[in-house]
Amino acid sequence: MSFTKSRFLAVGQQCLKMASRAASGGKLAGKVAVVTASTDGIGLAIARRLGQDGAKVIISSRQEKNVQRAVQELQGENLDVTGMVCHVGKAEDRKNLIQHAVDNYGGLDILVSNAAANPGFGQPMIDTTDSAWDKVFDINVKAAFLLAKDAVPHMEKRGGGVIIFVGSIAGYGNGKLFGTYSVSKTALLGLTKAMANQCGRLNIRVNGIAPGLIKTEFSKKMWKNEALLKELQRKFQLPLKRLGEPEECAGPVAFLCSDDAAYITGETIVMSGGAVSRL
Ligand code: NAP
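As annotated in an unreviewed UniProt entry, the protein chain carries the name DHRS2 protein and comes from Branchiostoma lanceolatum. The annotation that UniProt attaches to the protein chain under Sequence similarities (unreviewed entry) is "Belongs to the short-chain dehydrogenases/reductases (SDR) family."

Before going further, it helps to examine helix 9 (residues 247–257). Of the positions making up helix 9, those classed as buried are Cys 249, Ala 250, Gly 251, Val 253, Ala 254, Leu 256 and Cys 257. Next to the buried residues of helix 9 lie helix 2 (41–52), strand 4 (110–113), strand 5 (161–166), strand 6 (204–211) and strand 7 (268–271).

Our focus in this paragraph is the environment of Asp 109. Looking at the element boundaries, Asp 109 is found in the loop between helix 4 (91–105) and strand 4. For the pair formed by Asp 109 and Val 34, sequence separation is 75 residues and the distance between their alpha carbons is 8.4 Å. Contacts of Asp 109, omitting those with residues within four sequence positions, involve Gly 30, Lys 31, Val 32, Met 155, Arg 158, Gly 161 and Val 162. A polar atom in the side chain of Asp 109 sits 2.8 Å from the backbone nitrogen of Val 32.

Quick look at the site of the ligand now. Neighbouring the ligand are 28 residues; Thr 39, Ser 61, Asn 114, Tyr 181 and Thr 216 lie closest to it. One of the backbone N or O atoms of Ile 42 is found 2.7 Å from an oxygen atom in the ligand. Interatomic distance of 2.5 Å between a side-chain N/O atom of Tyr 181 and an oxygen atom of the ligand. For the ligand, whose unbound accessible area comes to 890 Å², protein coverage reaches 92%. Of all the elements in the fold, those that place two or more residues in the shell around the ligand are helix 2 and helix 6 (179–199).

With respect to the helices and strands, the residue Gly 43 is situated in helix 2. A residue is classified by how much of its surface remains accessible, and Gly 43, at 0% relative accessible area, is buried. Through-space distance from the C-alpha of Gly 43 to that of Val 166 is 9.1 Å; in sequence the pair is 123 residues apart. Discounting residues that sit within four places of it in the chain, Gly 43 has contacts with Val 35, Ala 37, Ser 38 and Asn 114.

Okay, the environment of Ile 110 next. Here Ile 110 is to be found in strand 4. Along the primary structure Ile 110 and Met 155 are separated by 45 residues, whereas in three dimensions their C-alpha atoms are 8.1 Å apart. Beyond its immediate stretch of four places on either side in the chain, Ile 110 contacts Leu 28, Lys 31, Val 32, Ala 33, Val 34, Leu 50, Met 155, Val 162 and Cys 257.

Here the focus is the pairing of strand 3 (residues 81–85). Examined bridge by bridge, strand 2 (residues 56–61) and strand 3 share 5 bridges and lie parallel to one another. From the neighbouring strand, Ser 60 faces strand 3, where its bridge partner is Met 84. Note on the crossover from strand 2 through helix 3 (residues 64–75) to strand 3: the handedness is right-handed.

Scoring rules and cut-offs
- Residues numbered from 1 in each chain as written.
- Predicted model: local features only at pLDDT ≥ 70, side-chain atom pairs only at ≥ 80, totals over all residues.
- Heavy atoms only, no water.
- UniProt positions renumbered as here; feature names shortened; annotations may be inferred.
- Buried < 20%, exposed > 50% of the residue type's maximum accessible area, 1.4 Å probe, protein only.
- Helix = DSSP H or I, 4+ residues; strand = E, 2+ residues; numbered from the N terminus.
- Contact = heavy atoms within 4.5 Å.
- Polar contact = N/O pair within 3.5 Å; in protein donor to acceptor, adjacent residues only side chain to side chain.
- Near = heavy atom within 4 Å.
- Areas by Shrake-Rupley, 256 points an atom, 1.4 Å probe, with all protein chains shown as cover.
- Pairing = 2+ DSSP bridges.
- Right-handed = clockwise from strand over helix to strand, strands pointing away.

Have a look at this one:
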């Protein structure tokens, strides 16, 4: 079968799946979901998928123009989506984001903490400055924890909920390229376990995802640089022999948010095309 024909069939199948998900009301029908850093890339794909599965979704990011564009795009697909500005490093923005869910939808069931910073990409770990260290840990770990902490009482009122931390394959090994960022993502593996332990009695499940190299703006420096890409492919020896797409992170998140994952907590699902993921 030609590539064009198989691609055409794949797109057709995808549309049929979307239509049948929407027609059945979706496995997240009635749920209210907040997704941070969701106006582009993996966060946007997650927001879209949660919406397709029936959730009411609140998207957010730092820039108003990005929020407006993404809200328009998703509303144009008939998804129940609103949005607001939230820089996850700002306490007031985090509080407003959670409050938006409570004021407009009566509560909160799902939080996907997706924002990250990586100011020292490619820099040796040992050269990390004081301020770069703080920025990475403030955004990637501290803000993730504080946002989850703000969300928990509201989920408790609903009798339970789901928190997802977006980690990274980098969290399983501090390769030269990822330095402090990889250490922060390892910390998220620990945060996922610790929060799952704390929140289980409240029927709040806490899980993570750890994407490999996914084709987004964030990772452009890697996949636009052919020599670097070859080096990464050689190093990771990807069994699937290709980069991932944002949508391939969204399906596992939708699964973790659904009752199909009702007995899963404290786990991180790796979607890395087979790249090794052991600590
Ligand atoms: P992306 O395509 O560059 O999108 C980043 C999004 O985050 C944008 O919507 C951006 O919008 C928003 N954002 C950035 N900083 C923010 C902040 N401080 N507060 C709120 N929003 C913020 O990035 P991505 O590749 O999808 O990455 C998303 C997550 O996946 C990150 O946690 C990253 O570590 C993880 N990840 C990515 C890869 C990969 O290969 N792409 C691999 C492993 C893990 P504004 O500019 O409007 O804020």
